[in-house]
Amino acid sequence: YIELINTYVGEYQVSELFEDSSVKSVTKINKQVAGHKRNIEILSCQKELWIYDISDKDYEVLLKIVEAEAGGEDETGKILVANVVLNRVKNPSFPDTVEEVVFQNEGGCYQFSPVENGRYETVCVSEGTYKAVEEALKGEDLSKGALYFVSEKYADPESLKWFQTKLTLLYSHGGHSFYG
């Protein structure tokens, strides 16, 4: 266990135990809970070497969507999918969290087909996906700024036409084409 004592987030003192020794710092707390001077609910912590500040829930969602979208791809293919999700989080045209990006629904259509078809809920995250997501969170960015990707082999023709006419093809890797 690691114990963070006399650590401050804003005006609040944080004392918390972590089993995971890679936790580097607490970056966000629930102020409503902190205001009662009881246990502070930690909403976000940054793991050692990560350049992204995401919640545990966002980490879980990122792992599952990468597995669902690129489970059969090599490490680069998995990193690329993680990069696209993280690029969207950073882009003001998209939601601000991984969970919101992955579950975004535009006009009745989810942005990621595994959310739409239920595959997201059934995946078992592989060791290779854990490794690839960790690399992406540490800053490995192979995406060239891509905000979209599609598997042309499985996309319906209307969706594929939208990608090809509305976006700029940046590159293809494995079973995906990446667009900006």
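What comes next concerns the included structure. (Residues numbered from 1 in each chain as written. Predicted model: local features only at pLDDT ≥ 70, side-chain atom pairs only at ≥ 80, totals over all residues. Heavy atoms only, no water.)

## Examining the packing of helix H2 (residues 56-70) against helix H3 (residues 75-90)
Stage number 1. Contact geometry of H2 with H3 gives a least axis separation of 9 Å together with a crossing angle of 130 degrees. Taken as axis vectors, H2 and H3 run oblique relative to one another. Pair H2 / H3 crosses with right-handed handedness. Together, Leu62, Ile65, Val66, Glu69 and Ala70 of H2 and Gly77, Lys78, Val81, Ala82, Val85 and Leu86 of H3 make up the contact between the two elements.
Stage number 2. Tallied by class, the residues present in the contact of H2 with H3 amount to eight nonpolar, one polar and two charged. (Axes fitted to C-alpha atoms, helices over the stretch in contact; angles between N-to-C directions. Helix = DSSP H or I, 4+ residues; strand = E, 2+ residues; numbered from the N terminus. Parallel < 35°, antiparallel > 145°, perpendicular 65-115°, else oblique. Left-handed = near helix turned anticlockwise from the far one by under 90°. Contact = heavy atoms within 4.5 Å. Nonpolar A, V, L, I, M, F, W, Y, C, P; charged D, E, K, R; others polar.)

## Regarding the pairing of strand E8 (residues 169-173)
Stage number 1. Sheet analysis places E8 next to strand E9 (residues 176-179), joined by four bridges and oriented antiparallel. Directly across from Ser172, in E9, lies its bridge partner Ser177.
Stage number 2. Two successive antiparallel strands, E8 and E9, enclose a turn made up of two residues, where Gly174 displays a positive phi of approximately 55 degrees. (Pairing = 2+ DSSP bridges.)

## Digging into the pattern of salt bridges
Stage number 1. The tally for this structure, following the rule as stated, stands at three salt bridges.
Stage number 2. Measuring nitrogen to oxygen at the nearest pair gives 3.9 Å for the salt bridge that ties Lys64 to Glu121. With Lys64 in helix H2 and Glu121 in helix H6 (residues 119-122), the pair connects residues that are 57 residues apart, well separated along the chain.
Stage number 3. Put simply, Glu135 and Lys138 hold a salt bridge, and the shortest N to O gap is 3.9 Å.
Stage number 4. Judged by its relative accessible area of 23%, Glu135 is partly exposed.
Stage number 5. For Lys138, a relative accessible area of 36% gives the class partly exposed. (Salt bridge = Lys/Arg side-chain N within 4 Å of Asp/Glu carboxyl O. Buried < 20%, exposed > 50% of the residue type's maximum accessible area, 1.4 Å probe, protein only.)

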